[in-house]
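Residues per chain, in single letters:
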Amino acid sequence: MYGRLQSDSFQLMNYSSSRAPRITHLKCEDLLQPLGIEVPSPRLSWQLERVGRQSAYQINAASREERLTQGYVDVWDSGRVESAQSVAVPYAGPRLVSRQRVIWQVRVWDQHGQASEFSDPSWFEMGLLYASDWKAQWIGRPDVSLADYKAPVLPAPLLRKAFEAPQDISQARVYLCGLGYFELILNGARVGDHVLDPIVTHYEKRVGYVTHDVTSLLQSGENIIGVMLGNGWYNTHSREVWQFDKASWRDYPKLLLQLEITKADGSIQRVCSDSSWFVTDGPIRFDGLRNGEFYDAREAKCGWSLADFDTSAWKPAAIVAGPGGELFSQQAPPCRVVETRAPRTWNGVRPGVWVCDFGQNLTGWARLRVMAEADTKITLRYGERLSESGEVDQKHLAQFIQEGEFQTDHFISRGIEETFEPHFTYHGFQYVQVEGLPYAPTEETLLACVVQSDFVSIGEFGCSDKTLDDLQNLTRWSYRGNFTGIPTDCPHREKNGWTGDAHLACETGLWNFNAARNYAHWLQTVVDVQRPSGQLPCIVPTGGWGYNWGNGPAWDSALILIPWQMYRFRGDTDILQKHYNAMKRYVDFAFSLADGGLIRYGLGDWNAPDMSRTAPRDLVTTAILFDDCRILSRVARLLRNEIDAMRLDEMAAALRLAWRRAFCHSEGIAENEQSSLGCALYYDLLEEGERLGTVELLRKAISAANGRPTFGILGAKWVPRALSQTGYVEEAFALITGKGCPGWTHWLEQSATTLWGNWHGEGSRNHIMFGDISAWMFEYLGGICPREETPGFETFTLAPAFIDSLTQVTAQHCSPYGLIRSTWQHSSTSVEWEIRVPANSKAILQLPENYQFADATTHSLDEGIHRLRCMRVSTTTSED
């Protein structure tokens, strides 16, 4: 990975001088060829190679690809537009209508006025834009009602419809929402590879539907469409401390489906969910989001989604009330099985009981392959640690579940070779305990299916220090495992969308993955659960729990911070515009609770080793609300709302003044805890001349703790960044990689494969809230940093710290403009630095104070691969 760089002090590979320009990665709303677009003016983006700087563009759009290639532009021709914009360019053609497919391509002109060829065509397709487009009705089981919270748990229903399809099929789309989760089958074939669909929302406000292209699965003549429904978040029936069993939206599973078959003449034949469908109980006899799944293969309806199946025992479906929320097209990458993993070891712990170790703490489920006599019951229990007897220990995870089993699947065989995996639940685990298997397991008995929101990996970090590389790997696993539809705290014990965990991991997520669309989905749910007063709950979604739990700005600020980071990383101003009023409502609400100028409620620096030795709660919450006001003031100015910006500036100034009066004194900040000092530095709450003394106090506090953290999850972000911002990157590195407990490497010493929920590991061992260290690696070691004034990496800063503890570092990130890479390594006399800058983007270079370029004098770089030699500058001085 770290081959030696060429030794030239400055070398540029200029693509545009050697090969023809190339236009790639055409996207609509940051998605490749999406179905179901709903925004009236979709934003179009493309990446460039061998162009240097774009000076103009032209977009052509047509109704068919052959028309576009023949030059017949029947939808929109932008003409030549003098602009360097290649990210989020709004469609500006005639109004788009439901179901419309738009084929588009783009060409550009470089800074010299030379035109490229048109790109290869891409496309996007509109969804159902109006309520009147929907002809389907919500359907479900007949004669059932959740009259109270103790209504019985019913088997997962199967719904089926036979219909005739024409011979002249041009295309076919299914638009559907199955609550809580669904699987769609057409003529016996599973449609798509999504799992755990649709992604959870606040169902009373918004309900997501999914669009599938099923053209290839239809046949002329008789067809059968079938749907299996699970409870998911919509019917969380088991009691737990968050009270989702009392959610006002809760009901039995239900379906809304509209199949539209477009014929060659353009006419549409519809197959809609209504009372002509049939329903029966399926083989999934029980499914609970946090409990598990019970599959009885003896109850399987073999061939139920094929023609000639006998449905005489099935009942007509009932027309039922919908969930209440407005339908919208789900446009976030779905959950998928992204990987399967074989067992590392099997261990027989007692007769009939085997424990499988997959060697990795992960999110998903097990796939069981078994040949057993009919009526054989096999149980799978999932966990992340073992008891002294070697069995799976669930006690530390199951404490919040007040009813039913926890993370346990059951399977009953019908006497043939069978494969089972859950459909409507997921688990967090490293170990699976298998009970009832009538023979010793083989390597084919069990596989782990890794499940996550299937966003694209767009960032990589590696270096010469194995500990740091291992921590990066742990962080990526924890981030992936805690984004299963929504950002969660942990994939087992809670599965909740804790707002604090979400914003603390946001920058790490955006460096490593293109999770922006998934964040956009979740942020809308955050807004949907906001009270008119502006108050927010600590978990999103919520069935009503968590508004007065005590969260405060340290958690609630997800509504401010995540849109802001999406703006910085992806250049997304629409997310700021869309949620500005909600953000403002929250800040006004929190500010209204100030007491003596301070915010005296909420959580502080959670999960410090000793909560009495970390930053005081009021110091934390007031500082964070100060930062919220400061950020929102910038947002207001971006949106050209100077009156709001001035008011927010005044709020920020008042909070800062109160904070300083309460916590600044001649000896330092508060009790000079690591978190208090890091907080002051990170949020720039200090006066001119105070930073140097404060960072010295921070260094002293770390030294007094033998180089170990005394902070919790907030300090885990503040302290390494505060050290690094003041020039002490080497000490931040030592803090992160230091041995012993508390500390990140303590987890590695305990063979952890994901980040833990606290320093000692008593609770969850797959939590993301200590995960800002990955973002720190990209920003301070790789040196890549977006610039607020040119967001989305249109212009970005490269300012790595060439610390002596590392000999090599590589950080790369695929920005909206293309791949950015920063690679450096120490040689005997210099640092050799290789930089990749994408087209239509610019890098601003900043060397550490004790380095200078060997030969070249340059401060900014355009497209290309650049190689530079950097020399250390002597800092020794002679005495007079």
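Residues numbered from 1 in each chain as written. Predicted model: local features only at pLDDT ≥ 70, side-chain atom pairs only at ≥ 80, totals over all residues. Heavy atoms only, no water.

1. Focus on the side chain of Ser329
Then step 1. Looking at the secondary structure, you find Ser329 in strand S23 (residues 326–329).
Then step 2. Classification of Ser329 by relative accessible area gives buried; the value is 5%.
Then step 3. Of note is the side chain of Ser329, whose polar atom sits 2.6 Å from the backbone oxygen of Gly36.
Then step 4. Among the polar contacts made by the side chain of Ser329, one reaches the side chain of Gln331 at a distance of 3.0 Å.
Then step 5. Among residues more than four places away in sequence, those in contact with Ser329 are Leu35, Gly36, Glu38, Tyr209 and Thr211. (Helix = DSSP H or I, 4+ residues; strand = E, 2+ residues; numbered from the N terminus. Buried < 20%, exposed > 50% of the residue type's maximum accessible area, 1.4 Å probe, protein only. Polar contact = N/O pair within 3.5 Å; in protein donor to acceptor, adjacent residues only side chain to side chain. Contact = heavy atoms within 4.5 Å.)

2. Looking at the side chain of His813
Then step 1. Topologically, His813 is positioned in strand S39 (residues 808–815).
Then step 2. Look at His813 and you get buried, because its relative accessible area is 1%.
Then step 3. At 3.0 Å, the side chain of His813 and the backbone oxygen of Trp511 are in polar contact.
Then step 4. Not counting residues within four places of it along the chain, the set of residues in contact with His813 comprises Ile458, Gly459, Leu510, Trp511, Phe793, Gly818, Leu819 and Ile820.

3. Regarding the pairing of strand S4 (residues 54–62)
Then step 1. Burial analysis of S4 places eight of its nine residues in the buried class, which makes it a mostly covered element.
Then step 2. Pairing of S4 with strand S7 (residues 101–110) involves eight bridges; the strand directions are antiparallel. The residue of S7 that forms the bridge with Tyr57 is Val108.
Then step 3. Of the pairings in the sheet, the one linking S4 to strand S5 (residues 76–77) comprises two bridges and is antiparallel in character. (Pairing = 2+ DSSP bridges.)

4. Considerations on a nonpolar patch on the surface
Then step 1. A surface patch of nonpolar side chains, amounting to about 300 Å² of accessible area, comprises Trp549, Trp606 and Met611.
Then step 2. Among the secondary structure elements, Met611 is positioned in the loop between helix H8 (574–592) and helix H9 (617–638). (Patch = residues over 30% accessible without salt bridge, like charges linked within 9 Å, V, L, I, M, F, W, Y side chains within 5 Å. Areas by Shrake-Rupley, 256 points an atom, 1.4 Å probe, with all protein chains shown as cover. Salt bridge = Lys/Arg side-chain N within 4 Å of Asp/Glu carboxyl O.)

5. What about the packing of aromatic side chains?
Then step 1. In total, this model carries 48 aromatic pairs according to the counting rule given.
Then step 2. On the numbers, 6.3 Å between centres and 70 degrees between planes, the contact of Tyr175 with Tyr209 is edge-to-face. Within this pair, whereas Tyr175 is found in strand S11 (residues 169–179), its partner Tyr209 is found in strand S14 (residues 206–213), the two being separated by 34 residues in sequence. The exposure classification of Tyr175 matches that of Tyr209, with both residues buried.
Then step 3. Here Tyr382 and Phe429 contribute two aromatic rings whose centre-to-centre distance is 4.9 Å and whose plane-to-plane angle is 70 degrees, an arrangement assigned as edge-to-face. Of this pair, Tyr382 sits in strand S27 (residues 377–383) while Phe429 sits in strand S30 (residues 427–435); the two residues are 47 residues apart in sequence, bridging distant segments of the chain.
Then step 4. Judged by its relative accessible area of 0%, Tyr382 falls in the buried class.
Then step 5. The class of Phe429 is buried, set by a relative accessible area of 0%.
Then step 6. Each residue in the set Phe461, Trp511, Phe569, Phe778, Phe793 and Phe796 is aromatic and connected to the rest through ring pairs, giving one cluster.
Then step 7. Arg80 extends its terminal NZ or CZ atom over the ring of Trp109, reaching a point 4.5 Å from the ring centre. (Phe/Tyr/Trp six-rings, centres within 6.5 Å; stacked < 30°, edge-to-face > 60°. Lys NZ or Arg CZ within 6 Å of the ring centre and 35° of its normal.)

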